[in-house]
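# Coordinate inspection notes
Listed below are the residues making up each chain.
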Amino acid sequence: MSQKKDRSASKGRRAPFLFRVSVLSALALTAVFPSQTMAASKSVAGFSPEKAEWQLSFEKAFAQMVSKESISRFSKEMSVRPGVVGTPGNAANVKFAVEELKKAGLEPEVKTYDVYMSVPKKIAVSQTYPEKRELQVMENLPKGTPYANEVIPGYNAYSAAGTVEAEIVYANYGRPEDFAELEKRGISVKDKIVITRYGANFRGVKPEQAEKRGAIGMLIYSDPADDGYTKGIVYPEGPWRPDDAIQRGSILYIFRYPGDPLTPGEASVPATKRLDPSEAVSLPQIPTTPLSYGEARPLLEAMQGDDAPASWQGGLPFTYKIGPGATKVRIALDIDYKNQPVNDVIVRIPGAKHPEQTVVIGAHRDTWAYGSGDNTSGWTTTLEIARVLGEMVKKGWQPDRTIVLAGWDGEEYGLLGSVEWAEEHRKELTENAVAYINMDGTGGQFFGASAVPSVKQLIYDVTKEVIEPRSGTSIYDDWYVREGRKDPAIGKLGSGSDYTPFIQHLGVPSLDMGFGVAGGLYHSAYDNLDLMERFIDPGYEHQAAGSQLVGITALRLANADALPFQYSAYAADVVSMLEEVAAKGTLGVDLSSVIAQARTWQASAKELEELAGKMIADGVTDAERSQLEKINAAMMQQERDLIVSEGLPSRPWYKHQIWAPGLTTGYAAQPLPAIAEALQANDAKALQQAVERLNTVLKKATETANAAK
């Protein structure tokens, strides 16, 4: 679901480690660990010197076993047929994945939830004035395209059904500021159909903003200025969007809450009481559907009214008008709403020492059409990690903590599979989840990551261990150079992908890693195997590197003596965010005490991290094991401390006090969300309450850190 950053160009070189030990010799170490005579040649954060050598040998053994050929086979098999949730192609891919996991000696579970969702029967859009014409709602797929009859038309999941006809008004990206500009010009969208372009915010925000202002329908088109011919050569000669490509996507109001619209906060299982659809605040209310820019062109070209502002002008070869006038459109959407199965594929690799503690790796496996990039690439990477770990288990290896690998279904509709699974396993995850690692796109050529601040250093450390196929340097070094020779920026977690329930509902430390590349075929029928192999990740070099990278990250979290989280860095970021808010004005509300509390947390977390570091540097004695377990429990708990059970005032499903998606951005993170929303509403009382809640959770995190010393 989430749009990827541009990440770049492959040379067809493999990304292996320089291995010092063979797989067999690495595995043989399990029989003699811990070895007091073995001196580590390299330190590893969170590991005692003797265990660091053991860990590095397994990381290298793991990475050596990753196979581009295996990933290629997975990709080819699962890209041949559209994998939309609830379809035969999706079911075929479940069967394939289960068979492959069993071949690896693992025991996969298919976990099914019945979720309320929309199913398109017929999507029709027509221009009714000044001329009459039917608009195309499907790409011109080449003759002989496999399973072309299973490609669904251009469609927005969870759109309201119905038929509307009206003049259209152009509203740029459909942001609040765009509608404010229309209002400033005296242009009303009441009883009109709004046409906006994709980009700048989550597509679901656009109809919500239009609906609030009385619009009766919406068209969302892809403008060539954003991802078409003005950016580069279009498909099939290049990776950019041609004039018939349509961006499908969900418009479920995931910024209110994701998952089954009828069971917010509870798993969609038979015993759960369901809302009536009229009570579900995440469901859009007006018919909304996407168009290609080739089909949007005659609509926009015939419009009258004022010239659109310069910043609203797109890439089509005429002056964009705002309307209304001259152009009328009819939208006729025949859409069923019913419960359908969502099938998650889950496999567990039990831990030997702390089997109750889990490191979860997840990637969604559903697609909009063929979906080779989004997100068959992430799922093939997950399957490859599982395959390699399965082979290592056959040879007698086990991680210290349990590793869970998940293929989520229904992500594209609104994070359905991951949310329902996380809600069902709330108790287990709250008590024992170490971290969640997300992969939403590993096919690409430029690395990027988003994460909570406590794992930034872990990401830097692991990216130094894996070779970047394009450059032959480490991924970190390549990333460092691209970022202007400084520690690379790690993004903030908003929403639009499967980390959302883990971090923002349950408080599980989360990170999202992958590779991207410049292009414009997102959610179209042209996100296919040909695109992947010619333009996105030739030779599957980066998906192999992604398997190594995420696998090693999971191994470090699963095997660490002391979990390598840095909450002192987290607290420092909170201090900076609060100081930035204070500098802009706070409606007379004093932030000094909450800033002081964040600094106190920073100091306490630093002391705890230093204590853990000293313990493992000196070698952990049997007598110290119990204290180390207390420290690790505190490392997991501090993130949990940042959530409140009642959630944010505006949307109780979102419980984290530091991170949430923006209400009017949808994908992008809104740091300190309750404070930000109170400031936007100019509500001093709400701001004071938000500051007090934040102070309370920071105090809890501080107490957790202190209690473990």
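Only a predicted model underlies this, so the values are computations on that prediction, with no experimental measurement involved. (Residues numbered from 1 in each chain as written. Predicted model: local features only at pLDDT ≥ 70, side-chain atom pairs only at ≥ 80, totals over all residues. Heavy atoms only, no water.)

Right, let's get into the overall build of the protein. Within the protein one finds 22 helices and 14 strands. The globule rule puts the C-alpha radius of gyration for 709 residues at 27 Å, and the 25 Å found for the protein is close to it. Overall size of the protein, expressed as C-alpha extent along the three principal axes, is 85 × 65 × 55 Å. About 24600 Å² of surface is accessible on the protein, with carbon and sulfur atoms providing 50% of the total. The average position of the 76 basic charges and that of the 89 acidic charges among the side chains of the protein differ by 1 Å. (Helix = DSSP H or I, 4+ residues; strand = E, 2+ residues; numbered from the N terminus. Rg over C-alpha atoms; globule rule 2.2 N^0.38 Å. Areas by Shrake-Rupley, 256 points an atom, 1.4 Å probe, with all protein chains shown as cover. Lys, Arg positive; Asp, Glu negative; His and termini not counted. Charge placed at Lys NZ, Arg CZ, Asp CG, Glu CD.)

Here we come to helix α11 (residues 416-424). For α11, the buried fraction is high: eight of the nine residues fall into the buried class. Contacts from the buried residues of α11 go to β1 (109-129), β9 (328-349), β11 (401-408), α10 (411-414), α12 (426-432) and α15 (500-505). (Buried < 20%, exposed > 50% of the residue type's maximum accessible area, 1.4 Å probe, protein only. Contact = heavy atoms within 4.5 Å.)

For the pair helix α4 (residues 88-103) and helix α9 (residues 372-394), the least separation of the axes is 9 Å and the interaxial angle reads 25°. With respect to α9, the element α4 is oriented roughly parallel. On α9, the residues touching A97, L101 and K103 of α4 are W379, L383, A386, E391 and K394. Of the residues belonging to the contact of α4 with α9, the class tally is five nonpolar, no polar and three charged. (Axes fitted to C-alpha atoms, helices over the stretch in contact; angles between N-to-C directions. Parallel < 35°, antiparallel > 145°, perpendicular 65-115°, else oblique. Nonpolar A, V, L, I, M, F, W, Y, C, P; charged D, E, K, R; others polar.)

The subject of this paragraph is the side chain of S67. For S67, the position within the fold is in the loop between α2 (49-65) and α3 (68-79). Polar side-chain contacts of S67 include one of 3.2 Å to the backbone nitrogen of E69. Aside from chain neighbours lying at most four places away, what touches S67 is E384 and R387. (Polar contact = N/O pair within 3.5 Å; in protein donor to acceptor, adjacent residues only side chain to side chain.)

Turning our eyes to something else, we now look at the packing of aromatic side chains. The description of an aromatic ring pair uses the distance of the two centres, along with the angle that the planes make with each other. Inspection of the entire model under this criterion finds 33 aromatic pairs. Taking 5.7 Å as the distance between ring centres and 75° as the angle between the ring planes, the aromatic pair formed by Y229 and Y293 counts as edge-to-face. Pair noted here: Y229 is in the loop between α7 (224-227) and β7 (249-250) and Y293 is in helix α8 (residues 293-301), with a separation of 64 residues, a long-range link. Of the residues examined, Y229 reaches a relative accessible area of 38% and is grouped as partly exposed. (Phe/Tyr/Trp six-rings, centres within 6.5 Å; stacked < 30°, edge-to-face > 60°.)

Moving on, we get to the nonpolar core. Within the largest apolar cluster, 210 residues are counted, with the highest numbers of intra-cluster contacts made by L300, Y413, I459 and W601. Apart from the residues lying within four places of it in its own chain, the contact partners of I459 are F447, A449, A451, W479, I490, L511 and M513. Listed in part, the five residues of the second largest apolar core include F47, A52, L56 and A560. (Core = buried A, V, L, I, M, F, W, Y, C linked by side-chain atoms within 4.5 Å.)

The omega torsion across Y129 and P130 is 5°, close enough to zero to call that bond cis. With respect to the element layout, P130 can be found in the loop between β1 and β2 (133-135). Look at the link from Y235 to P236: it is a cis peptide, with omega at 15°. Along the chain, P236 turns up in the loop between α7 and β7. Even without glycine at this site, Y158 takes up a positive phi of about 70°. Locating Y158 in the fold gives a position in the loop between β3 (156-157) and β4 (162-170).

Along the chain, K122 falls in strand β1. Judged by relative accessible area, which is 56%, K122 ranks as exposed. Taking C-alpha positions, K122 is 57 Å from A705, a pair spaced 583 residues apart along the chain. When sequence neighbours within four positions are dropped, the list of residues in contact with K122 reads A332, L333 and D334.

Position of D478 relative to the elements: it lies in helix α14 (residues 475-482). The class of D478 is buried, set by a relative accessible area of 10%. Here R482 takes part through its side chain, which lies 3.1 Å from a polar atom of the side chain of D478. Setting aside its immediate chain neighbours within four residues, D478 contacts E468, R470, S471 and T473.

On inspection of all chains with the given rule, the structure shows 41 salt bridges. Among the ionic pairs, K51 bridges to D561, the shortest N-O distance being 3.9 Å. Taken as a pair, K51 in helix α2 and D561 in the loop between α17 (541-559) and α18 (567-584) lie far apart in primary sequence, 510 residues in all. Residue D561 is classed as buried on the basis of its relative accessible area, which comes to 8%. The salt bridge involving R297 is made with E301; its shortest N-O contact spans 3.5 Å. Highlighted residues: R297 and E301, both in helix α8, separated by four residues, approximately one helical turn. A cluster of three or more residues bridged by salt bridges with shared partners is formed by K42, E59, E465 and R556. (Salt bridge = Lys/Arg side-chain N within 4 Å of Asp/Glu carboxyl O.)

So, on to helix α5 (residues 176-184). Residues of α5 that are buried: D178, F179 and L182. The arc that holds the buried residues of α5, viewed along the axis, is 95°, so those residues lie on one side. On its buried face, α5 is in contact with β4, β5 (193-197) and α6 (205-212). Phi turns positive one or two residues past the end of α5, at G186, with a value near 75°. (Arc of directions from axis to C-beta.)

This part covers the environment of G619. For G619, the position within the fold is in the loop between α19 (592-617) and α20 (625-640). The contact partners of G619, leaving out residues within four places of it in the chain, are E50 and E624.

To continue, consider the confidence of the model for the protein. In the predicted model, the protein carries a mean pLDDT of 93, and 94% of its residues have values of at least 70. Between residues 3-40, whose pLDDT stays under 50, and residues either more than four places distant or in other chains, the model counts 99 contacts. (pLDDT = per-residue confidence, 0-100.)

What follows concerns the pairing of strand β14 (residues 510-516). The buried fraction of β14 is high, at seven of seven residues. Covered by surrounding structure in β14 are S510, D512, G514 and G516 together with L511, M513 and F515, the residues of both alternating faces. As paired elements, strand β12 (residues 433-438) and β14 share three bridges and run parallel to each other. The residue bridging Y436 from the neighbouring strand is S510, located in β14. (Pairing = 2+ DSSP bridges.)

Turning to its location among the elements, Y155 is positioned in the loop between β2 and β3. Given a relative accessible area of 1%, Y155 falls into the buried group. In contact with Y155, not counting residues within four places along its chain, are S118, V119, P120, I123, R248, G249, T289, P290, I335, W368 and Y413. A polar contact is formed between the side chain of Y155 and the side chain of S118, at a distance of 2.3 Å.

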